[in-house]
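# Survey of secondary and tertiary structure
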Amino acid sequence: MADRALKIAIVAGEESGDLLGADIVRSLRLATGREVQLVGLGGRHLQALGLVSPFDAGEIALMGFSAILRDLPRLVRRIGQMAGIVADARPDCLITIDSPDFSLRVAKKVRAANPSIPIVHYVCPSVWAWRPGRAAAMKPYVDHILCILPFEVKELERLGGPPGTYVGHRLTHDAGVLGAAKAQSLPRDLAADRVKTLLVLPGSRRGEVRRLLEPFGQTVAMLRSRGHRLRLLLPTVPHVAEIVRSAVARWDEKPEIILDPERKWQAFGKADAALIASGTVSLELALSGVPMVSCYRVDPVARLVALYLVSVWSALLPNLISDRALIPEFYNEFVKPNNLARQLEALFGDTGMRAWQKDGFVEIARRMTTEKPSGDIAAQVVMECIRRANRE
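Below is a summary of the structure that appears in this document. The shown structure was predicted, so the numbers you read here are calculated from the model rather than taken from an experiment. (Residues numbered from 1 in each chain as written. Predicted model: local features only at pLDDT ≥ 70, side-chain atom pairs only at ≥ 80, totals over all residues. Heavy atoms only, no water.)

## What about the pairing of strand β10 (residues 273-277)?
A regular strand places its side chains so that they alternate between the two faces of the sheet. Of all 5 residues in β10, 5 are buried, a share of seventy percent or more. Where burial is concerned, the two faces of β10 agree: the one with Ala-273, Leu-275 and Ala-277 and the one with Ala-274 and Ile-276 are both buried. Of the pairings in the sheet, the one linking strand β7 (residues 195-201) to β10 comprises 4 bridges and is parallel in character. Bridging from a neighbouring strand, Leu-198 pairs with Ala-273 of β10. Note that the unit made of β10, helix α12 (residues 281-288) and strand β11 (residues 292-296) has a crossover that is right-handed. (Buried < 20%, exposed > 50% of the residue type's maximum accessible area, 1.4 Å probe, protein only. Helix = DSSP H or I, 4+ residues; strand = E, 2+ residues; numbered from the N terminus. Pairing = 2+ DSSP bridges. Right-handed = clockwise from strand over helix to strand, strands pointing away.)

In structure tokens, the structure reads:
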């Protein structure tokens, strides 16, 4: 058994989850010295490691209750299709990654079809922020949860969920992040009359990109009207690149669109500040040392639900991890270009707001850093689950 290839099923629908899955696969190969055969769903990073997806992973990267309701029949069909593929493959382990509305439903169906397959879920659902009952509901069909926030293990225990392990976050050991952080730590010209390098990051989901690029363009125009000379850098991902190109074609100041991952981290190292869509990128920027302003617009149904169900005080991971209101965040009707422009101005110079964020980013890195890369710790947990299943 030790000589045969490991067969690992992975379900990852988002760009961030695809990266996490690729890290685990590489770590499994290094730790075991065995080939890893992949089955399941993933994007370009997992596909580069040999995964052949039965459909585009972008189909399940939906944002907002309205989008989910519109596509519910197709999502239900895809959940059943994915669960059938995994159960028929009889993998050594199923790893579901983030996207809980899709991936955990696949996990539940796989457990029902073949209870012998160990199931590990990577990225704890935000049970500590809303719908805490989900923790206990996962326990019958999820054997272990890989947590990326230090406080989540205790939260799972408190809420009666599956056992969890804090694996750290892949970004704390990422070469691109470390390189950007080093560049950000060097002395920087903060003179008011210099050309400022502004990162524009409108998100990786089609809906959020469409909702944010117009106010982001208006913010850039407002900064220019207030006398700022700007260099705009817009890293994005391939599946939304055409939406981005179409939208920014109407801007007076055209950003440089960046698709290459290495050039993205170089842009992070050069940036004076960033205007972002709330999401994982906030943590990338915090660990890189880039001051930022965060925004988000959700669909009307999601706004109504959030009003009654969300209890967490901030939607940004850097704020939650540091337990400080480090990064200003604006939502829905408060995404106002006149305000965003002035918020960014406060980050361009040698200001207290800039120093507050920079100091907080150092504390975040201290709290999150683990001795081993997160992929290695995650791979170790996966192998322990496989060994336990084989003993049983």
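## Considerations on the pairing of strand β8 (residues 229-235)
Counting buried residues in β8 gives 5 out of 7 residues, a clear majority hidden from the surface. Across 5 bridges, the pairing between β7 and β8 is parallel. Bridged to Thr-197 within β8 is Arg-231. With respect to chirality, the unit in which β7 leads through helix α9 (residues 206-225) into the neighbouring parallel β8 is right-handed. Pairing between β8 and strand β9 (residues 256-258): 3 bridges, direction parallel.

## Focus on the pattern of salt bridges
A full pass over the atoms with the stated rule returns 21 salt bridges. Here Arg-205 makes a salt bridge to Glu-208, at a shortest N to O gap of 3.5 Å. Its salt-bridge partner being Glu-256, residue Arg-231 comes within 3.5 Å of it at the nearest N-O pair. Residue Arg-231 is located in strand β8, and its partner Glu-256 is located in strand β9; the two are separated by 25 residues in the primary sequence. When its relative accessible area of 35% is taken as the criterion, Arg-231 is described as partly exposed. Salt bridges here are not isolated pairs; linked through shared partners, they connect Asp-23, Arg-26, Arg-170 and Asp-174. (Salt bridge = Lys/Arg side-chain N within 4 Å of Asp/Glu carboxyl O.)

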